[in-house]
Structure formats: structure tokens, C-alpha cells
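# Geometric and topological summary
Residues per chain are reported as follows:
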Amino acid sequence: MEKTLSIVKPDGVEKRLVGEVIKRFEDNGLKVIGLKMVAMSKREAEGFYAVHRGKSFFESLTTFMSSGPAVVMVLEGDNAIERVRDLMGATDPQEAAKGTLRRQFGSNIERNVVHGSDGPDTAGFEIGYFFHALEIAR
Ligand code: UDP
Ligand code: MG
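Our subject in this report is the structure included herewith.

Thresholds applied
Residues numbered from 1 in each chain as written. Chains lettered and ligands numbered in written order. Predicted model: local features only at pLDDT ≥ 70, side-chain atom pairs only at ≥ 80, totals over all residues. Heavy atoms only, no water. Salt bridge = Lys/Arg side-chain N within 4 Å of Asp/Glu carboxyl O. Helix = DSSP H or I, 4+ residues; strand = E, 2+ residues; numbered from the N terminus. Buried < 20%, exposed > 50% of the residue type's maximum accessible area, 1.4 Å probe, protein only. Near = heavy atom within 4 Å. Polar contact = N/O pair within 3.5 Å; in protein donor to acceptor, adjacent residues only side chain to side chain. Areas by Shrake-Rupley, 256 points an atom, 1.4 Å probe, with all protein chains shown as cover. 1 Å grid on protein atoms, 1.4 Å probe; cavity = no way out; pocket = protein on both sides within 12 Å on 5 of 7 lines; lining within 4 Å. Points joined across faces, edges and corners; volume = space filled by probe spheres on them. Nonpolar A, V, L, I, M, F, W, Y, C, P; charged D, E, K, R; others polar. Pairing = 2+ DSSP bridges. Axes fitted to C-alpha atoms, helices over the stretch in contact; angles between N-to-C directions. Contact = heavy atoms within 4.5 Å.

## Re the pattern of salt bridges
For the structure on display, the rule yields nine salt bridges. Across the salt bridge formed by K42 and E46, the nearest N and O atoms sit 3.0 Å from each other. Pair noted here: K42 and E46 are both in helix 3 (residues 42–48), with a separation of four residues, about one helical turn. By relative accessible area, which is 25% here, K42 ends up partly exposed. Taking the shortest distance from any N to any O, the salt bridge between R43 and E46 comes out at 4.0 Å. Highlighted residues: R43 and E46, both in helix 3, separated by three residues, approximately one helical turn.

## Quick look at the site of ligand 1
If you check the shell around ligand 1, you find K9, Y49, H52, F57, L61, R85, T91, R102, I109, E110 and N112 and nothing else. Contacts to ligand 1 include R85, whose side-chain N or O atom sits 2.9 Å from an oxygen atom. Note that an oxygen atom of ligand 1 is positioned 3.0 Å from one of the side-chain N or O atoms of N112. Calculation on ligand 1 without its partners gives an accessible area of 500 Å², and the protein chains cover 81% of this total.

## With respect to the layout of surface pockets
One number sums up the size of the largest pocket: a volume of about 540 Å³. For the largest pocket, the lining is made up of 21 residues, of which Y49, H52, F57, L61 and H115 are closest to its centre. Contributions of two or more residues to the lining of the largest pocket are made by helix 5 (80–88), strand 4 (114–116) and helix 7 (120–130). The greatest single-element share of the lining of the largest pocket, amounting to three residues, is contributed by helix 7. Looking at side-chain class alone, the lining of the largest pocket contains nine nonpolar, six polar and six charged residues.

## Some thoughts on the environment of S107
Structurally, S107 is set in the loop between helix 6 (101–105) and strand 4. In terms of polar contacts, S107 uses its side chain to reach the side chain of K15, at 2.8 Å.

## Describing the sheet that holds strand 2 (residues 31–38)
Strand pairing in a sheet takes place through backbone hydrogen bonds and is either antiparallel or parallel in direction. Pairing is antiparallel across the open sheet formed by four strands, whose spatial order is 2-3-1-4. One side of each edge strand has no neighbouring strand; the edge strands of this open sheet are strand 2 and strand 4. The sheet shows a mean angle of 20° between the axes of neighbouring strands, direction not considered. With three bridges connecting them, strand 1 (residues 2–8) and strand 4 associate as antiparallel partners. Its bridge partner being in strand 4, I7 is matched across the sheet by H115. The sheet strands contacting helix 2 (residues 18–27) are strand 1, strand 2, strand 3 (70–77) and strand 4, and the helix crosses strand 3 at an angle near 5°. Against the sheet, helix 7 contacts strand 1, strand 2, strand 3 and strand 4, and its axis sits at roughly 60° relative to strand 1.

Written out as C-alpha cells, the structure is:
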């Protein structure tokens, strides 16, 4: 079974969408096997998004991600990585397909409510960034 990391970003928490996002995942067969709220510092947000360092949106993105609490979770299921990406929709809510979380709830290309790992390597890194082995159900 594949694992992936998802985050309800600070805008999603502020909009009271934590339950809505988790329900969407659970209704689509994904299982929550790790879950907690975190308040990332700017440094911690920069570490999480290190792959984007140097890009035009890096400064604003990491300021946003450290602006308030976020809910991080590990999800498990067949094809979990791709399925979470499909449920989220495209990065820009205006380009995301109808019915996706970002299309429904995202404000703009930065404040798009939810994160999902984009491949097995990043999922491994991202899960390890937030969770100790003991915090993941087996
Ligand atoms: N982002 C942004 N401007 C952009 C591209 C991305 O603010 O032009 C933000 C947005 O919050 C996005 C995150 O940076 O979710 C990571 O970007 P990525 O390209 O990895 O998109 P994702 O994998 O989240 O769809
Ligand atoms: Mg990405």
C-alpha cells in the first residue's frame, strides 16, 4: 500500500476546512494513518519546500506556510499519491477541474488549501519531515 503526505494549509485551517478535506480523502478510500497540527516556523517551511528554493514564489509561499497552523497527515491506499493529487486538482484553483478541493475552496495559486506529495521520493521525504515512526499507525 502506498503512503503519501497531505497538508491542510493555513488558509484551509482558517477557512474551517480540516474536516472537509479529511472527509474527501476518506470518502475516496484513503486511510488516515498519521495526523497532527503543526505551526511551522519560516525556517521549517523553507526546509519543507527546499525543492522550490530560488523560485519567484518561494519567499511568499514560505511566509504563507508559516503564517498559522497547518494540519499534516499521512494517507495510505492503493495509488495514494496520484489519487490525492487528483482529489486536490491543479495548483492554480482556476485551472483545477470541477469538484476538486482546490477548485472548490482555493483562493489563488498560492492559497490553494491543500498539499499532496508528487511522487514516491518526495512522499518519503515529506512524511519523514513531520512524523516519527511511532506516530504512524501500523
Ligand atoms: N505556488 C505559488 N505560485 C506558483 C506555483 C506554486 O505560490 O506559481 C505555491 C502553491 O501554494 C503550491 C506550492 O507553491 O501549492 C508548491 O508548488 P508546486 O509547483 O509544487 O505545486 P503543487 O505540487 O502544490 O501543486
Ligand atoms: Mg509540489
